[in-house]
Amino acid sequence: MRLRLVNIKKAKISTAAFIKAFCHHKLTELDATAADPDLPMPNILHGLCSNNWLQQNLQCLVLDSTSIRQDSRLLFGQLTGLRVLSVFSVCFHNEDLANVSHLPKLESLDISNTLVTDISALLTCKDRLKSLKMHYMKCLTMTTPQILEVIKELRCLFHLDISNHRQLQSDLAFHLLQQKDILPNIVSLDISGGSCITDGAVELFVRQRPAMQFVGLLATDAGYSNFFTTQQGLRVAGGASVAQISEALSQYRDRSCFLKEALFRLFAETFSMQATMPAILKLVAVGMRNHPLDLPVQFTASACALNLTHQGLARGMPVRLLSEVTCLLFKALKNFPHYQQLFVCLQLSREQTAQLKDELLRAVKELLAIVKQKTTENLDDVTLLFALKALWNLTDESPVACKHFMENQGLAVFIQVLETFSRSPIQSKVLGLLNNVAEVRELSSELVTKDVVKHVSVLLHSTAMEVSYFAAGVIAHLASDQRPWVSCGLQRTALLQDLYVTIQNWPSSSCKMTALVTYRSFKAFFPLLGNFSQPEVQLWALWAMYHVCSKNPSKYCKMLAEEGGLQLLCDIQEHSEADPQAQQIAASILDDFRVHFTNHQRLPLC
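Cut-offs and rules
Residues numbered from 1 in each chain as written. Predicted model: local features only at pLDDT ≥ 70, side-chain atom pairs only at ≥ 80, totals over all residues. Heavy atoms only, no water. UniProt positions renumbered as here; feature names shortened; annotations may be inferred. Helix = DSSP H or I, 4+ residues; strand = E, 2+ residues; numbered from the N terminus. Expected span 1.5 Å × (residues − 1). Buried < 20%, exposed > 50% of the residue type's maximum accessible area, 1.4 Å probe, protein only. Core = buried A, V, L, I, M, F, W, Y, C linked by side-chain atoms within 4.5 Å. Domains from an automatic or database assignment. Contact = heavy atoms within 4.5 Å. Axes fitted to C-alpha atoms, helices over the stretch in contact; angles between N-to-C directions. Parallel < 35°, antiparallel > 145°, perpendicular 65-115°, else oblique. Left-handed = near helix turned anticlockwise from the far one by under 90°. Nonpolar A, V, L, I, M, F, W, Y, C, P; charged D, E, K, R; others polar. Pairing = 2+ DSSP bridges. Phe/Tyr/Trp six-rings, centres within 6.5 Å; stacked < 30°, edge-to-face > 60°. Lys NZ or Arg CZ within 6 Å of the ring centre and 35° of its normal. Polar contact = N/O pair within 3.5 Å; in protein donor to acceptor, adjacent residues only side chain to side chain. Buried area = accessible area lost by both parts, 1.4 Å probe. Salt bridge = Lys/Arg side-chain N within 4 Å of Asp/Glu carboxyl O. Disulfide = S-S within 2.5 Å.

- As annotated in an unreviewed UniProt entry, the protein chain carries the name Protein zyg-11 like protein A and comes from Myotis davidii.
- The annotation that UniProt attaches to the protein chain under Sequence similarities (unreviewed entry) is "Belongs to the zyg-11 family."

Below, the structure is given as structure tokens:
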């Protein structure tokens, strides 16, 4: 038997067994990623160097996450045939980099998450290095200009990865994009997680380097302009679209920090998914399989898997893929028994929540306990976000769930959340749930408190459109009933005036921004539409309805007709004392309705 390629990734194998089994073969590639601690990296190198043929002809060596005993010497210098070396996440120091840089044939190097503090040694191999990965270099002591001076000399580079965890707040990518005479031959550049990255800067950089085929922009503010969808031959790993997220899931399948980010973006994109996407589900399954003990990955991926297979979508999926995903979901439940209720609540449909009253009560209690614990610990993580999202989903058009929420001190917990965290994704989920409670007439009066009014009146002016929208919704529902305000002494009139002015400053309901929300029904809006004495309330309901109708007319125009909303819009349009702007929006919705159904069916209008 003649072995050429050997993969002992995560294998339980001793040093003696490794040398006996492999080191007499004429290997060209070896992947020993996360090898057993009984086979530390120095022993792997020693075994390889015991074979003169391997010293001169081994071309690819992957030693990611291998162990190193203290004070061990790394004999890279003898492997003179190496072209590709990866030492991601190992105890690899400056002196080791200096040693490796002298390898005469080295073309590709990964020193990510190592103990290197100075990359100047790379200048030794500047005329032959074609690929360099150095993401999450948390030990670097060089200044950004010093790092750029080294990178500027690496003119043969085709691939460069300087992506970073957001926590590092690195500005390296930002400054690299400003350089005109850097990386002239670059084909692939990964700057995911970089600070202050803009569409304009990335677009200019790519246009100046037309050979570019890939750019990593996940967890940045870039990737949203039309350039990234129209540029032929350019793949983007980002969060601006399902295509970008798909690329990110593929690129970062082994990097949990970015995998979590991509899965979170995917969850938002697939919440109202109507198309069957087996390729995306396969990537989600890969992420789950690669990180079985990472709770945020498992929970987020489970949520995505359920989004991608809900209702009739599962029918279009390959049976083998569905079987694999089901097994992975059960493994997640087994690995995290204390979070079983959190996983289960993701799977509850509206019909199931009506039937499973005991389970619903338990789910609300356990989710609130998670939110309270995370808030007390001041821990803003994926588990908190999805606990909030799950509570929001459970209470949607479910008066029973809303009642459970209020009876279990949910309002006090959510006020604590708003006082602890200031990120808009958290605020929007809190306000989304409060909207659900406010829609329940017998519970809405319980929300008319000093704390609730204080927070929603401030968040109404948030620069995050989604937060402002949901704050306005809470105000509209609460202010539509005058009775609870009389006894509490709060200024309802001033709040309504503020609501009216805020809506005037919002963009048009039909503008090109992504839909802020999805609705299962319009029925909660109908009492607001008929409230002619409070045009502020009416105006918010109309803005919301026009917003979703313009984004997804096939769903919402049909809903409008089936639920009897057309007559309410006609009433507003014809009412002599209706607010002119309310009449204008009502007319716009009806016009869109007519256009949408012109070639489909005749439905009665005014």
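## Focus: helix 23 (residues 465–479)
- Along its 15 residues, helix 23 runs 21 Å from first to last C-alpha, staying within 8% of the 21 Å computed at 1.5 Å per residue.
- Of all 15 residues in helix 23, 14 are buried, a share of seventy percent or more.

## A word on the nonpolar core
- Core analysis: the largest hydrophobic core is formed by 91 residues, its most contacted members being Phe414, Phe522 and Trp540.
- The two domains that each donate at least three residues to this core are domain 3 (352–506) and domain 4 (509–605).
- Beyond its immediate stretch of four places on either side in the chain, Phe522 contacts Met545, Val548, Cys549, Tyr556, Met559, Leu560 and Glu563.
- In this structure, Phe22, Ile44, Met134 and Leu140 belong to the second largest nonpolar core, which totals 76 residues.

## A short note on the packing of helix 20 (residues 424–438) against helix 23
- Where helix 20 contacts helix 23, the two axes come as close as 8 Å, and the packing angle between them is 20°. On the basis of their axis angle, the class for helix 20 and helix 23 is roughly parallel. Helix-helix and strand crossings are classified by hand; for helix 20 and helix 23 the assignment is left-handed. Across the interface between the two elements, Ser424, Gln427, Ser428, Leu431, Gly432, Leu434, Asn435 and Ala438 of helix 20 pack against Glu466, Val467, Phe470, Ala471, Gly473, Val474, His477 and Leu478 of helix 23.

## Quick notes on the packing of helix 10 (residues 256–269) against helix 12 (residues 295–309)
- Interaxial distance between helix 10 and helix 12 falls to 9 Å at its minimum, and their mutual angle equals 30°. By the angle between their axes, helix 10 is roughly parallel relative to helix 12. Between helix 10 and helix 12 lies a crossing of left-handed hand. Residue-level inspection shows Ser256, Leu259, Lys260, Leu263, Phe264, Leu266 and Phe267 of helix 10 in contact with helix 12, the latter providing Pro296, Val297, Thr300, Ala301, Ala303, Cys304, Asn307 and Leu308.
- Residue composition of the contact of helix 10 with helix 12, by class: 11 nonpolar, three polar and one charged.

## Comments concerning the sheet that holds strand 7 (residues 159–161)
- Sheet architecture is open: 10 strands sit in the order 1-2-3-4-5-6-7-8-9-10, paired in parallel fashion. The open sheet has two free edges, formed respectively by strand 1 (5–7) and strand 10 (235–237), since each of these has just one partner strand. The average undirected angle you get between the axes of adjacent strands in this sheet is 5°.
- As judged from the three bridges shared by strand 4 (residues 84–86) and strand 5 (residues 108–110), these two strands associate in the parallel manner. Residue pairing across strands places Ser86 opposite Asp110, the latter belonging to strand 5.

## Topic: the packing of aromatic side chains
- Under the criterion given, the structure shown has 15 aromatic pairs.
- The interplanar angle of 45° and the centroid separation of 5.9 Å between the aromatic rings of Tyr469 and Trp543 together place this pair among those described as tilted. Of this pair, Tyr469 sits in helix 23 while Trp543 sits in helix 27 (residues 535–551), placing them 74 residues apart in sequence. This pair shows no difference in class: Tyr469 is buried, exactly as Trp543 is.
- Among the aromatic residues, ring-to-ring pairing joins Trp392, Tyr469, Phe470, Trp506, Tyr519, Phe522, Phe525, Trp540, Trp543 and Tyr556 into one connected group.
- Taking NZ or CZ as reference, Arg209 lies 3.6 Å from the ring centre of Phe205, over its face.

## Quick word on the side chain of Thr270
- Mapped onto the elements, Thr270 comes out in the loop between helix 10 and helix 11 (278–290).
- The class of Thr270 is buried, set by a relative accessible area of 0%.
- Polar side-chain contacts of Thr270 include one of 2.8 Å to the backbone oxygen of Leu266.
- Once residues lying within four places of it in the same chain are set aside, the contact partners of Thr270 are Asn307 and Leu308.

## Considerations on the domain arrangement of the protein chain
- Domain boundaries in the protein chain define domain 1 (1–117), domain 2 (253–335), domain 3 (352–506) and domain 4 (509–605).
- If you look at the interface, domain 3 gives 24 residues, while domain 4 gives 18 residues.
- Summed over both sides, the interface of domain 3 with domain 4 buries roughly 1900 Å², with 63% coming from carbon and sulfur.
- Per-residue buried area on domain 3 facing domain 4 is highest for Tyr469, Tyr500 and Ile503; these three make up 30% of the total on that side.
- For the pair domain 3 and domain 4, the interface holds zero salt bridges.
- Where domain 3 touches domain 4, the interface holds six residue pairs in polar contact (both at pLDDT 80 or more).

## Concerning the pattern of salt bridges
- Tallying each qualifying case throughout the model produces 17 salt bridges.
- We note a salt bridge from Glu107 to Lys130, for which the minimum N-O separation is 3.8 Å. Residue Glu107 is found in the loop between helix 4 (94–101) and strand 5, and its partner Lys130 is found in the loop between strand 5 and strand 6 (131–133); the two are separated by 23 residues along the sequence.
- Classification of Glu107 as partly exposed rests on a relative accessible area of 25%.
- Asp380 serves as the salt-bridge partner of Arg423, at 2.6 Å between the closest nitrogen and oxygen.

## What about unusual backbone geometry?
- With a phi angle near 60°, Ser65 is a residue other than glycine that sits in the positive phi range.
- Within the secondary structure, Ser65 sits in the loop between strand 3 (60–62) and strand 4.
- Overall, Ser65 belongs to the partly exposed group, its relative accessible area being 35%.
- The residue Asn113 is not glycine, and still its phi comes out positive at about 55°.
- Its location among the elements puts Asn113 in the loop between strand 5 and strand 6.
- Asn113 sits in the buried class, given a relative accessible area of 15%.

## Quick notes on the state of the cysteines
- According to the stated counting rule, one finds zero disulfides in the structure shown.
- With no disulfide of its own, Cys139 lies 9.6 Å from the sulfur of Cys91, the closest cysteine sulfur.
- Residue Cys257 stays outside any disulfide, its sulfur separated by 16 Å from that of Cys139, the closest cysteine.
- On the accessibility criterion, Cys257 (24% relative accessible area) is partly exposed.

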